[in-house]
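Residue-level listing of the chains:
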Amino acid sequence: MKPPILIIIMSTVILGTMIVLFSSHWLMIWIGFEMNMLAIIPILMKKFNPRATEASTKYFLTQATASMLLMLGIIINLLYSGHWTVSTISNPVASTVITIALAMKLGLSPFHFWVPEVAQGISLSSGVILLTWQKIAPLSVLYQISPSINPNLLVTMAATSVLVGGWGGLNQTQLRKILAYSSIAHMGWMAAIMVYNPTLMILNLAIYIMMTLGTFMLFMHNLSTTTLSLSHTWNKSPLIASLILALMLSLGGLPPLSGFIPKWMIIQELTKNDMIVMPTFMAITALLNLYFYVRLTYATALTMFPSANNMKMKWQFESTKKMILLPPLIVASTMLLPLTPMLSIMD
C-alpha cells in the first residue's frame, strides 16, 4: 500500500475511534464505529491474498451485524427516553441489545468465533491494530453505560470468555491465533470488572495493550508466525528470546511482572463485592492461558534448535524493521508491579 493512502486510511481509523471516545450523542458514536470499521478493512487486506480477503469479509460481516444491533438498541432507548444523549439506559431491552452489540465488536464469548479466524488471515502489523486499537472504542462505550448494564449478562459473558480464551489456545501452534485467544481471555477479565469498578477495566486495557504491542513487535522483528519459527530464535538472537520469555509470562499474569497487576486488583475487587465463585473460577481458568504461554516460552527460550550454527554466513536474514518503541514497551510490560499501590489509590 502506498504511504499517502495508508496515512489517509489510518487517520480515518483513528478519527473514527476518537469520535466514539468524545461523543455524548448515540448517533455520533454509531457513525464513529462505522467510519472505523470501513477504514480498517483495507488495512486488514494489506497483503492481498485469498486468506486476507476471507478474514476481512468475516470481520466486515460480524462488525456490520454488531452495528445493526447497536442501532436497534439505540432506537429502542430513543423511543423510551426521548433523547439521544449517552446517559443511564432506563430500558432493560435497550441495555441488553447494546451490550450484546458491543460484545460482538469486542469478540467476547459467545460472539468470539471471528477473532482467531480474522487474526490468522491477516499480517502481523494488521493483527496488532485489530487486537489493540480496535478494542478501545467498544470498551469506552461500555464504560459510559456501565451503571445500566445487566451484571448477570456481562459476568456470564466474562466467565465464558475467560474459559474459551484458555481452552481455545491450548492446541494452537500459530502465534496470531494464540494471541487472539489471549485477547478473548483478557476481554473476559475486563468485562468481569466493568459493572463493579470501570476504572480497573481501563487499567487492565492499558496494560493489555502494552503487553500485546510488545509481543507483536518482537514477533514482527523476528518474522515469526508459528511456534516452529519462534524456536529458531535462540540461535539467532538470544536477547530477543529472553524478552519474549518475559513478555509471555507477563501476559500469563505471573506475580513479579506487570500482567499480574490487573488480575490481582480484579480478584480483590470482585471479592470485595461478595463474589467468591467468579474470581476463583477466573483464576483457575487463567492457568490454561499460562500453560500455553509457558509452552511458547519453552519452545523459544528453553530449547536449542538442533543444529550447531558454526557457519560464518548468517543462515537467516536480519530484520530491517526498526522497532522504535520496543524498549519502553518491554519495561512497561514487565516492571510496573511496584507501582500497584499508586494505581490502587488512583482507582
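Everything quoted here is computed from the prediction, not taken from an experiment.

A. Representation of unusual backbone geometry. With an omega dihedral of 5°, the bond running from Ser109 to Pro110 counts as a cis peptide bond. Note that Pro110 resides in the loop between α4 (92-106) and α5 (114-121). In this model, Leu223 sits at a positive phi of 55°, which is unusual for a non-glycine residue. Positive phi is not limited to glycine here, since Asp274 has a value of about 60°. Within the secondary structure, Asp274 sits in the loop between α14 (260-272) and α15 (277-301).

B. A look at helix α13 (residues 238-252). With 15 residues, α13 should reach 21 Å at 1.5 Å per residue; the first-to-last C-alpha distance of 21 Å fits that figure. Along α13, the residues that are buried comprise Ile240, Ala241, Ile244, Leu247, Met248, Leu249, Ser250, Leu251 and Gly252. Phi for Gly253, located one or two positions after α13, is positive at around 85°.

C. Up close: the layout of surface pockets. A volume near 370 Å³ is recorded for the largest pocket. Every residue lining the largest pocket is counted, 16 residues in all, and those nearest its centre are Met10, Ser125, Val128, Ile129 and Leu213. Of all elements in the fold, only α1 (3-22), α6 (124-131) and α10 (198-222) reach the threshold of two or more residues within the lining of the largest pocket. Within the lining of the largest pocket, the residues separate by chemical class into 13 nonpolar, 2 polar and 1 charged. Taken as a whole, the second largest pocket spans an internal volume of roughly 300 Å³. Lining the second largest pocket are 16 residues, and of these Lys47, Ile122, Ser123, Leu124 and Arg176 sit closest to its centre. Elements with a contribution of two residues or more to the lining of the second largest pocket: α5 and α6. Tallied by class, the residues present in the lining of the second largest pocket amount to 4 nonpolar, 7 polar and 5 charged.

D. Quick peek at the packing of α4 against helix α8 (residues 151-168). Where α4 contacts α8, the axes come no closer than 10 Å and their chain directions differ by 20°. For the element pair α4 / α8, the angle class is roughly parallel. The handedness of the crossing between α4 and α8 comes out as right-handed. Judged by residue contacts, Thr96, Thr99, Ile100 and Ala103 of α4 engage Leu153, Leu154 and Met157 from α8. Tallied by class, the residues present in the contact of α4 with α8 amount to 5 nonpolar, 2 polar and no charged.

E. Structural view of the environment of Leu130. Relative to the assigned elements, Leu130 resides in helix α6. Taking the C-alpha atoms as reference points, Leu130 and Val118, 12 residues apart in sequence, are found 8.9 Å from one another. If we ignore the near neighbours within four places in the chain, the residues touching Leu130 are Leu44, Tyr59, Trp114, Val118, Ala119, Ile122 and Lys135.

F. Highlighting the environment of Ser333. Relative to the helices and strands, Ser333 is located in helix α16 (residues 326-334). Take Ser333: its relative accessible area is 0%, and that puts it in the buried class. Here the alpha-carbon distance between Ser333 and Ala206, two residues 127 residues apart in the chain, equals 9.9 Å. Those residues in contact with Ser333 that lie beyond four places of it in its chain are Met210, Met211, Leu247, Ser250, Ser258 and Gly259. Of the polar contacts made by the side chain of Ser333, one reaches the backbone oxygen of Met210; its length is 3.3 Å.

Analysis parameters
Every chain is numbered independently, its residues counted from 1 as its sequence is written. It should be noted that, the model being predicted, local features are given only for residues of pLDDT at least 70 and side-chain atom pairs only at 80 or more, the latter also being counted only at that level, while totals for whole chains, interfaces and linings use all residues. Derived side-chain values reflect all non-hydrogen atoms in the structure, with water molecules and hydrogen atoms excluded from consideration. Starting at the N terminus, helices and strands are each numbered in turn, a helix being any DSSP run of H or I of at least four residues and a strand any DSSP run of E of at least two. A helix is expected to span 1.5 Å for every residue after the first. The cut-offs for exposure are 20% and 50% of the maximum accessible area for each residue type, with area from a 1.4 Å probe on protein chains only; residues under the lower value are buried, those over the upper are exposed, and the others partly exposed. Buriedness of a pocket was judged along seven lines, with at least five required to meet protein on both sides within 12 Å; pockets are open sets of points on a 1 Å grid over the protein atoms alone, cavities are sets where a 1.4 Å probe fits but cannot get out, and lining residues have an atom within 4 Å of a point. Grid points are joined across faces, edges and corners, and a volume is the space filled by probe spheres set on the points. Think of it as three bins: nonpolar holds Ala, Val, Leu, Ile, Met, Phe, Trp, Tyr, Cys and Pro, charged holds Asp, Glu, Lys and Arg, and polar takes everything else, Gly as well. Fitting a line to C-alpha atoms yields each axis, with helices limited to the stretch in contact; the angle taken between N-to-C directions then spans 0 to 180 degrees. The labels follow the angle: roughly parallel below 35 degrees, roughly antiparallel above 145, roughly perpendicular from 65 to 115, and oblique for the rest. Take the far helix as the reference: if the near one is turned anticlockwise from it by less than a right angle, the crossing is left-handed, and if turned clockwise, right-handed. In this analysis, two residues are considered to be in contact whenever any of their non-hydrogen atoms come within 4.5 Å of each other. Pairing of N or O atoms within 3.5 Å defines a polar contact, subject to two protein rules: one partner must be a possible hydrogen donor and the other a possible acceptor, and residues neighboring in sequence count only if both atoms are side-chain atoms.

All quantities given are derived from atomic positions and should not be read as evidence of function.
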